[in-house]
Amino acid sequence: MDEGQERPGNRLTRPLWIALGLFFVALGIIGALLPLMPTTIFLILAAGCFARSSPRLETWLLTHKRFGPTLVAWREEGAIPARAKAFACGGIAIGYAVFWWGARPPVWVDLVVALVMGACAAFILSRPAPKPRP
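Being a predicted model, the structure only gives us computed values, none of them experimental. (Residues numbered from 1 in each chain as written. Predicted model: local features only at pLDDT ≥ 70, side-chain atom pairs only at ≥ 80, totals over all residues. Heavy atoms only, no water.)

Asks: Looking at this model, I keep getting lost on helix H3 (residues 55-62). Mind explaining?
Replies: Given 3.6 residues per turn, any residue in an α-helix points the same way as the ones three and four places further on. Among all positions of H3, only Leu57, Glu58, Leu61 and Leu62 are buried. Along the axis of H3, the buried positions cluster into a sector of 130 degrees, meaning they face one direction only. Turned more than 90 degrees away from the buried face of H3, the exposed residues are Pro55 and Arg56. Of the surrounding secondary structure, the elements contacted by the buried residues of H3 are helix H1 (10-33), helix H2 (40-51) and helix H4 (68-77). (Buried < 20%, exposed > 50% of the residue type's maximum accessible area, 1.4 Å probe, protein only. Helix = DSSP H or I, 4+ residues; strand = E, 2+ residues; numbered from the N terminus. Arc of directions from axis to C-beta. Contact = heavy atoms within 4.5 Å.)

Asks: In this structure, what is going on with the nonpolar core? I would like to understand it.
Replies: Generally speaking, a soluble globular protein has its nonpolar side chains buried in company with each other. By size, the foremost hydrophobic cluster in this structure holds 16 residues, and its most contacted members are Phe24, Val25, Leu43, Ala46, Phe50, Leu61 and Leu71. Breaking this core down by element, the ones donating at least two residues are H1, H2, H3 and H4. Sorting elements by how many residues they give to this core places H2 first, with six residues. The next biggest cluster of nonpolar side chains, apart from the first, holds five residues, and it includes Ile80, Ile92, Ala121 and Ile124. (Core = buried A, V, L, I, M, F, W, Y, C linked by side-chain atoms within 4.5 Å.)

Structure (C-alpha coordinates):
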(Lines give C-alpha, C1' and ligand atoms only; values in the text may rest on other atoms or scores of the structure.)
Protein backbone atom coordinates (compact mmCIF):
# COMPACT_ATOMS: atom_id res chain seq x y z
CA MET A 1 0.00 0.00 0.00
CA ASP A 2 1.36 3.44 -0.93
CA GLU A 3 2.07 5.96 1.82
CA GLY A 4 -0.61 8.39 0.69
CA GLN A 5 -3.23 5.69 0.23
CA GLU A 6 -5.97 5.36 2.84
CA ARG A 7 -6.29 2.10 4.70
CA PRO A 8 -9.47 0.11 4.03
CA GLY A 9 -12.25 1.06 6.43
CA ASN A 10 -10.46 4.25 7.50
CA ARG A 11 -13.33 6.41 6.32
CA LEU A 12 -15.67 4.52 8.62
CA THR A 13 -13.43 4.11 11.66
CA ARG A 14 -11.80 7.55 11.72
CA PRO A 15 -14.92 9.37 12.99
CA LEU A 16 -15.42 6.68 15.63
CA TRP A 17 -11.83 7.06 16.89
CA ILE A 18 -12.23 10.85 16.97
CA ALA A 19 -15.53 10.60 18.87
CA LEU A 20 -14.01 8.15 21.35
CA GLY A 21 -10.98 10.43 21.77
CA LEU A 22 -13.19 13.45 22.44
CA PHE A 23 -15.20 11.38 24.94
CA PHE A 24 -11.98 10.49 26.79
CA VAL A 25 -10.86 14.14 26.75
CA ALA A 26 -14.22 15.10 28.32
CA LEU A 27 -13.73 12.44 31.02
CA GLY A 28 -10.20 13.72 31.57
CA ILE A 29 -11.43 17.28 32.04
CA ILE A 30 -14.08 16.07 34.49
CA GLY A 31 -11.34 14.13 36.29
CA ALA A 32 -9.26 17.28 36.57
CA LEU A 33 -12.17 18.94 38.39
CA LEU A 34 -13.37 16.05 40.57
CA PRO A 35 -10.98 14.86 43.28
CA LEU A 36 -11.55 11.09 43.07
CA MET A 37 -11.84 10.70 39.29
CA PRO A 38 -8.63 10.07 37.35
CA THR A 39 -7.47 12.42 34.61
CA THR A 40 -4.29 11.09 33.04
CA ILE A 41 -5.53 7.64 32.07
CA PHE A 42 -8.39 9.16 30.08
CA LEU A 43 -6.01 11.55 28.33
CA ILE A 44 -3.64 8.67 27.52
CA LEU A 45 -6.58 6.83 25.97
CA ALA A 46 -7.59 9.98 24.08
CA ALA A 47 -4.08 10.38 22.68
CA GLY A 48 -4.18 6.76 21.50
CA CYS A 49 -7.52 7.34 19.79
CA PHE A 50 -6.26 10.52 18.14
CA ALA A 51 -3.10 8.73 16.98
CA ARG A 52 -5.38 6.46 14.96
CA SER A 53 -7.57 9.23 13.57
CA SER A 54 -6.37 12.82 13.78
CA PRO A 55 -2.73 13.93 13.85
CA ARG A 56 -3.94 17.48 14.53
CA LEU A 57 -5.86 16.51 17.69
CA GLU A 58 -3.03 14.23 18.80
CA THR A 59 -0.54 17.09 18.43
CA TRP A 60 -2.87 19.44 20.31
CA LEU A 61 -3.09 17.01 23.22
CA LEU A 62 0.64 16.17 23.29
CA THR A 63 1.64 19.85 23.20
CA HIS A 64 -0.99 20.98 25.71
CA LYS A 65 0.64 23.22 28.33
CA ARG A 66 -0.76 21.33 31.34
CA PHE A 67 -1.27 17.75 30.17
CA GLY A 68 1.22 17.38 27.32
CA PRO A 69 4.43 16.75 29.31
CA THR A 70 2.83 13.94 31.33
CA LEU A 71 1.43 12.30 28.19
CA VAL A 72 4.76 12.54 26.36
CA ALA A 73 6.61 11.10 29.37
CA TRP A 74 4.20 8.17 29.45
CA ARG A 75 4.39 7.58 25.71
CA GLU A 76 8.19 7.81 25.44
CA GLU A 77 9.32 6.34 28.76
CA GLY A 78 6.32 4.74 30.48
CA ALA A 79 7.10 7.29 33.20
CA ILE A 80 4.86 8.92 35.81
CA PRO A 81 5.95 12.06 37.70
CA ALA A 82 6.24 11.76 41.50
CA ARG A 83 3.44 14.26 42.08
CA ALA A 84 1.09 12.32 39.82
CA LYS A 85 2.00 9.09 41.64
CA ALA A 86 1.19 10.73 44.97
CA PHE A 87 -2.17 12.02 43.74
CA ALA A 88 -3.06 8.69 42.13
CA CYS A 89 -2.17 6.63 45.20
CA GLY A 90 -3.89 9.16 47.46
CA GLY A 91 -7.01 8.92 45.31
CA ILE A 92 -6.87 5.13 45.45
CA ALA A 93 -6.57 5.22 49.25
CA ILE A 94 -9.44 7.71 49.63
CA GLY A 95 -11.55 5.72 47.17
CA TYR A 96 -10.95 2.53 49.13
CA ALA A 97 -11.79 4.25 52.42
CA VAL A 98 -15.04 5.64 51.00
CA PHE A 99 -15.89 2.20 49.59
CA TRP A 100 -15.17 0.46 52.88
CA TRP A 101 -17.02 3.02 55.00
CA GLY A 102 -20.01 3.37 52.65
CA ALA A 103 -20.50 -0.22 51.53
CA ARG A 104 -19.47 -2.16 54.65
CA PRO A 105 -18.65 -5.10 52.37
CA PRO A 106 -18.26 -8.72 53.43
CA VAL A 107 -14.66 -9.62 54.27
CA TRP A 108 -14.04 -11.48 51.00
CA VAL A 109 -15.27 -8.51 48.89
CA ASP A 110 -13.20 -6.15 51.00
CA LEU A 111 -10.10 -8.27 50.42
CA VAL A 112 -10.66 -8.54 46.66
CA VAL A 113 -11.16 -4.78 46.31
CA ALA A 114 -8.13 -4.08 48.51
CA LEU A 115 -6.02 -6.49 46.45
CA VAL A 116 -7.07 -4.96 43.10
CA MET A 117 -6.57 -1.39 44.32
CA GLY A 118 -3.26 -2.33 45.92
CA ALA A 119 -2.10 -3.90 42.66
CA CYS A 120 -3.03 -0.71 40.79
CA ALA A 121 -1.10 1.40 43.30
CA ALA A 122 1.90 -0.96 43.06
CA PHE A 123 1.89 -0.63 39.27
CA ILE A 124 1.78 3.16 39.50
CA LEU A 125 4.62 3.23 42.03
CA SER A 126 6.72 0.85 39.92
CA ARG A 127 6.81 3.24 36.94
CA PRO A 128 9.97 5.29 36.57
CA ALA A 129 10.09 9.05 37.03
CA PRO A 130 10.40 11.04 33.78
CA LYS A 131 13.93 11.98 32.71
CA PRO A 132 14.64 15.70 32.91
CA ARG A 133 14.07 17.50 29.59
CA PRO A 134 16.60 20.03 28.32
